[in-house]
Amino acid sequence: MTAASPDLYEEALTTFAQLLDEAKAAGDCEPTAMTLATVGQGGRPSARTVLLKAFDRRGFVFYTNFDSRKGRQLAANPQAALLFLWKGLRGSEHVQAKIEGTVEPVSAAEADAYFASRPRESQLGAWASLQSQTLESREVFETRFAAFEAKFADAPVPRPPHWSGFRVVPELIEFWYGARFRLHERQRYERLDGGWHRRMLYP
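Notes on the structure in this doc start here. Keep in mind it's a predicted model, so treat the numbers as computed, not measured.

1. Examining the packing of helix α4 (residues 120-128) against helix α5 (residues 138-151)
Packed helices, taken two at a time, are described by the angle between their axes plus the distance between the axes. One way to put it is that α4 packs onto α5 with a least axis distance of 9 Å and a crossing angle of 115 degrees. Classified by chirality, the crossing of α5 by α4 is right-handed. Every residue of α5 that contacts α4 at Glu121, Leu124, Gly125, Trp127 and Ala128 is listed here: Phe141, Arg144, Phe145, Phe148 and Glu149. Partitioned by chemical class, the residues of the contact of α4 with α5 number six nonpolar, one polar and three charged.

2. Thoughts on the nonpolar core
By size, the foremost hydrophobic cluster in this structure holds 31 residues, and its most contacted members are Phe16, Phe62, Phe84, Trp86, Ile99, Ile173 and Phe175. With eight residues, helix α1 (residues 6-25) is the largest single contributor of residues to this core. Sequence-distant contacts of Phe175, defined by excluding residues within four places in its chain, comprise Ala12, Thr15, Phe16, Leu19, Gln96, Ala97, Glu185, Arg186, Gln187 and Tyr189. Ranked by size, the runner-up nonpolar core spans 14 residues in total, among them Tyr63, Trp127, Ala128 and Val157.

3. A word on the side chain of Asn65
You can see Asn65 is positioned in strand β4 (residues 59-65). The exposure class of Asn65 is buried, given its relative accessible area of 4%. A polar side-chain atom of Asn65 sits 2.7 Å from the main-chain amide nitrogen of Asp67.

4. Points about unusual backbone geometry
One non-glycine residue with positive phi stands out, namely Ser132, at about 80 degrees. Mapped onto the secondary structure, Ser132 falls in the loop between α4 and α5. Phi angles above zero are rare outside glycine, and Asp193 is one such case at about 55 degrees. In this fold, Asp193 is placed in the loop between β8 (185-192) and β9 (195-201).

Scoring rules and cut-offs
Residues numbered from 1 in each chain as written. Predicted model: local features only at pLDDT ≥ 70, side-chain atom pairs only at ≥ 80, totals over all residues. Heavy atoms only, no water. Axes fitted to C-alpha atoms, helices over the stretch in contact; angles between N-to-C directions. Helix = DSSP H or I, 4+ residues; strand = E, 2+ residues; numbered from the N terminus. Left-handed = near helix turned anticlockwise from the far one by under 90°. Contact = heavy atoms within 4.5 Å. Nonpolar A, V, L, I, M, F, W, Y, C, P; charged D, E, K, R; others polar. Core = buried A, V, L, I, M, F, W, Y, C linked by side-chain atoms within 4.5 Å. Buried < 20%, exposed > 50% of the residue type's maximum accessible area, 1.4 Å probe, protein only. Polar contact = N/O pair within 3.5 Å; in protein donor to acceptor, adjacent residues only side chain to side chain.

Shown next as structure tokens:
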């Protein structure tokens, strides 16, 4: 294991940025897609795919309805894991990037700025969708959408109070490079005792 160094965190973020750029250049249809794993009551895990909307030294950001299942789970237990899968990068079978850490809400200003950048239909959908609740029929959803479309017909669509973003603040970042015969390469960066360390793991 390498000695603790603040530069190792920058190294991990730089590696992630390079891999994401390579995935975009390779034509991946959803390079920012990531599996988000959370834990609910009784320790039962839950996973779904969300989209990465921003990342920097502060962490990795996605947006959602805070009243959704994942929103409620993260409010009760602010810990999460993210997993990216990119195929055919760097001549390997595929590359994975895993991030684990604590979760915090983004600022209202950040959420407002991102919401304002979304297509108007997506903004209206954030109001119309009672995310994760039972839906009696598609027609009910479409009726709700039409109602909010009429409500905000002559004005910008404001961000709903229940809709915002979460930031996963990394405690661990791991890169997994696939190889034939399962002779993979794993590089793990993790925060231990207040500092970042790097080590290789057996595949």
